[in-house]
Amino acid sequence: MRISDLAAEAGVTVKAVRYYESQGLLKPRREANGYRSYDADDVVVVREVKALLSLGLTAEQTYPFIECLRAGNARADVCPASLTAYRTRIAEVDRRIAELTDLRERLTDLLSDAESWRKKL
């Protein structure tokens, strides 16, 4: 299939497919005329990358998942490296939640202080 067919079937743009290719996530075959050629496995890869990016993983962090698929696994997240990538992302999310919780507490304290000061006027 051609790049536009892959993009349509996977629910992404042609630009996204080209980006995934530039990141080494896709390795299309080349036809005699030089056109890229994709297959059903590439659709699975693109859908997986799209889903992982939506979870905040970077293109680089999706590599273990893609390698897991290419190794013949039915799921991209059953390999040890994929599980490690999940754990790493969860740790990043936990750190961000802690940062946001701290920020919220500081803002709440400032608001409370400002409202108390205003009442004294």
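Residues numbered from 1 in each chain as written. Predicted model: local features only at pLDDT ≥ 70, side-chain atom pairs only at ≥ 80, totals over all residues. Heavy atoms only, no water.

- Under the annotation held in an unreviewed UniProt entry, the chain carries the name MerR family transcriptional regulator and is attributed to Kribbella karoonensis.

### Quick look at the UniProt feature "coiled-coil region" (unreviewed entry) in the chain
- Within this structure's numbering, the places UniProt gives as "coiled-coil region" (unreviewed entry) are residues 83–120.
- For residues 83–120, the end-to-end C-alpha separation is 56 Å, with 97% helix and 0% strand making up the annotated structure. (UniProt positions renumbered as here; feature names shortened; annotations may be inferred. Helix = DSSP H or I, 4+ residues; strand = E, 2+ residues; numbered from the N terminus.)

### Considerations on a nonpolar patch on the surface
- On the surface, Leu 100, Leu 103, Leu 107 and Leu 110 cluster together to form a nonpolar patch covering roughly 360 Å² of accessible area.
- In this structure, Leu 100 sits in helix α5 (residues 80–119).
- The exposure class of Leu 100 is partly exposed, given its relative accessible area of 40%. (Patch = residues over 30% accessible without salt bridge, like charges linked within 9 Å, V, L, I, M, F, W, Y side chains within 5 Å. Areas by Shrake-Rupley, 256 points an atom, 1.4 Å probe, with all protein chains shown as cover. Salt bridge = Lys/Arg side-chain N within 4 Å of Asp/Glu carboxyl O. Buried < 20%, exposed > 50% of the residue type's maximum accessible area, 1.4 Å probe, protein only.)

### Digging into helix α2 (residues 14–22)
- Of the positions making up α2, those classed as buried are Ala 16, Val 17, Tyr 20 and Glu 21. Seen end-on, α2 carries its buried residues on one side only, within an arc spanning 140°. Opposite the buried face of α2, at more than 90 degrees from it, the exposed residues are Lys 15 and Ser 22.
- Among the structural elements, α1 (3–10), β1 (29–30), β2 (36–37) and α3 (40–54) are those in contact with the buried residues of α2. (Arc of directions from axis to C-beta. Contact = heavy atoms within 4.5 Å.)

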